[in-house]
Amino acid sequence: MRCEIRHTTEYHYPRPAWDSFNQVRLHPSNETRQSVRLFHLNVTPDAEITSHKDYFGAIVHHVHVHEHHRHLIIEAQAIVDTHAVTLPVPIPFSELRPERGRNIEFLVPSPRVPGGQWPELFGVARPGPGDDLPGFLLDLTSHLRRRFTYDPSATDVRTPLAEFAQTGHGVCQDFTHAMLGITRQLGIPARYVSGYLYSGGEMRGAEATHAWVECLIPGYGWLGYDPTNDCLALEKHIKIGHGREYSDVSPVRGTYFGGGQGKLDVAVHVYGDQ
């Protein structure tokens, strides 16, 4: 499937700002399940742009606007081909044992996914060593979709996981952090994925960057699960990068001098051609 993406971030300041420095993670990844044909970053006003790969392998652009400005636009355009993948065969939980030491960073607590009895809190029965891992993860994805309500007005990037567990309303990052909390407590290496979703109006979370989970399946690799939409992350999911949690892959963040309290507007459009 070929996907064309346009992601526009606009900042409006009541007074002139200067020395604006933004860290931008919007470049889709190149990997087995997808190929990047084109990526271009446009910035207004003119900016100094450099890039590097972060610890997890994502391309990060650094956007530095020196001059005074009251309006900043960062627009990313990309064309990405996503590819069909084979799915894993049944495999017991016991096969995870040798993988845990090699993937400890995706098992330990992090600020937004702290330790806790998340399986019990979210009503998930702990599986046995002989239970099928891919089957359990599919069931867990469905369970979270049924248990919680997608509500863009209910939470923001600072909402703790415990609050989402209590209110039951949130967005894709909340669903994703919940699944990470459960899987990590069960000894399943799991990572937070940031990306885009081509929905055609059928799925939740396509109006901005989307989030889902990748879990490690021994003998197979990492497979994406989208608890917000109760589905696997396949050809309609375009990955930017992964990390332990949202903070590792936030799309745009930065600092500036002056300006006052700025206003942020974000628009994401994803077009697909099957």
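Residues numbered from 1 in each chain as written. Predicted model: local features only at pLDDT ≥ 70, side-chain atom pairs only at ≥ 80, totals over all residues. Heavy atoms only, no water.

J.: Tell me about the environment of G219, and name the residues and values.
T.: Locating G219 in the fold gives a position in the loop between β9 (210-217) and β10 (221-226). Residue class for G219 comes out exposed when judged on its relative accessible area of 88%. When the C-alpha positions of G219 and A58 are compared, they lie 24 Å apart, and in sequence the two are 161 residues distant. (Helix = DSSP H or I, 4+ residues; strand = E, 2+ residues; numbered from the N terminus. Buried < 20%, exposed > 50% of the residue type's maximum accessible area, 1.4 Å probe, protein only.)

J.: Give me the lowdown on the domain arrangement of the protein, citing residues and values where you can.
T.: Looking at the protein, the domain boundaries give domain 1 (2-83 + 250-272) and domain 2 (93-248). On the side of domain 2, 24 residues touch domain 1, which itself brings 25 residues to the contact. At the boundary of domain 1 with domain 2, total buried surface from both sides reaches about 2,000 Å², with 55% on carbon and sulfur atoms. Scanning the region where domain 1 abuts domain 2 turns up one salt bridge. Counting every contact that joins domain 1 to domain 2 gives ten residue pairs in polar contact (both at pLDDT 80 or more). Counting residues per element, the side of domain 1 that touches domain 2 draws most heavily on strand β14 (residues 263-273), which supplies four residues. Of the residues belonging to the side of domain 1 that touches domain 2, the class tally is twelve nonpolar, eight polar and five charged. (Domains from an automatic or database assignment. Contact = heavy atoms within 4.5 Å. Buried area = accessible area lost by both parts, 1.4 Å probe. Salt bridge = Lys/Arg side-chain N within 4 Å of Asp/Glu carboxyl O. Polar contact = N/O pair within 3.5 Å; in protein donor to acceptor, adjacent residues only side chain to side chain. Nonpolar A, V, L, I, M, F, W, Y, C, P; charged D, E, K, R; others polar.)

J.: Mind laying out the nonpolar core, listing which residues take part and the relevant values?
T.: Membership of the largest hydrophobic core comes to 37 residues, with the highest contact counts inside it found for F122, L137 and I188. By residue number, the principal contributor to this core is helix α5 (residues 172-185), which donates six residues. Apart from residues lying up to four places away in sequence, I188 is in contact with F93, L96, F106, L107, L133, F136, L137, T183, C215 and L216. Formed by 26 residues, the second largest nonpolar core is a distinct cluster that contains V43, L72, Y196 and I238. (Core = buried A, V, L, I, M, F, W, Y, C linked by side-chain atoms within 4.5 Å.)

J.: Pulling in residues and values, what's your account of the pairing of strand β4 (residues 59-65)?
T.: For β4, the tally of buried residues reaches five of seven residues, placing the bulk of the element in the interior. Where strand β1 (residues 2-24) meets β4, five bridges bridge the pair, whose relative direction is antiparallel. Of the residues in β4, the one forming a bridge with Q23 is H62. Relative to β4, strand β3 (residues 48-53) runs antiparallel, the two being bridged by six bridges. Considered in β4, the bridge of S51 is made with H61. Counted along the chain from β3 to the antiparallel partner β4, the turn is five residues long, and its residue G57 has a positive phi close to 95°. (Pairing = 2+ DSSP bridges.)

J.: Kindly report on a nonpolar patch on the surface, identifying the contributing residues and their values.
T.: Residues V85, L87 and L234 make up a contiguous nonpolar surface patch of roughly 210 Å² in combined accessible area. Mapped onto the fold, L234 is located in the loop between β11 (231-232) and β12 (237-243). The exposure class assigned to L234 is partly exposed, which follows from its relative accessible area of 32%. (Patch = residues over 30% accessible without salt bridge, like charges linked within 9 Å, V, L, I, M, F, W, Y side chains within 5 Å. Areas by Shrake-Rupley, 256 points an atom, 1.4 Å probe, with all protein chains shown as cover.)

J.: Explain the pattern of salt bridges residue by residue, including any values.
T.: Summed over all chains, the structure comprises twelve salt bridges. A salt bridge links R6 to E75, with the shortest nitrogen-to-oxygen separation between them at 4.0 Å. Taken as a pair, R6 in strand β1 and E75 in strand β5 (residues 69-82) lie far apart in primary sequence, 69 residues in all. With a shortest N-O distance of 2.7 Å, E214 and R191 are connected by a salt bridge. In this pair, E214 sits in strand β9 while R191 sits in strand β8 (residues 190-197), placing the two residues 23 residues apart along the sequence. Residue R191 is classed as buried on the basis of its relative accessible area, which comes to 10%. What you see here is one network of salt bridges that share partners, running through E31, R191, E214 and K239.

J.: Residue-level account of helix α3 (residues 133-147), with values.
T.: The first and last C-alpha atoms of α3 sit 21 Å apart over 15 residues, in line with the 21 Å expected at 1.5 Å per residue. The set of residues buried in α3 consists of L133, P134, F136, L137, L140, T141, S142, H143 and L144. In this fold, the buried residues of α3 make contact with α5, β9, β10 and β11. In this structure D132 caps α3, since a side-chain oxygen of it lies 2.9 Å from the backbone nitrogen of G135. (Expected span 1.5 Å × (residues − 1).)

J.: Outline the confidence of the model for the protein, supporting the account with residue identities and numerical values.
T.: Residues of the protein with pLDDT of at least 70 account for 99%, and the chain-wide mean is 95. Summarising per-element confidence for the protein, the mean pLDDT is lowest in β14 (91) and highest in β10 (98). (pLDDT = per-residue confidence, 0-100.)

J.: Give me the lowdown on the environment of Y150, citing residues and values where you can.
T.: Along the chain, Y150 falls in strand β6 (residues 149-150). Residue classification places Y150 among the buried positions, given a relative accessible area of 18%. On a C-alpha basis, the gap between Y150 and S94 in space is 34 Å, while along the polypeptide they are 56 residues apart. Non-local contacts of Y150, meaning those with residues more than four positions away in its chain, are made with G170, V171, C172, F175, R204, G205, E207 and T228.

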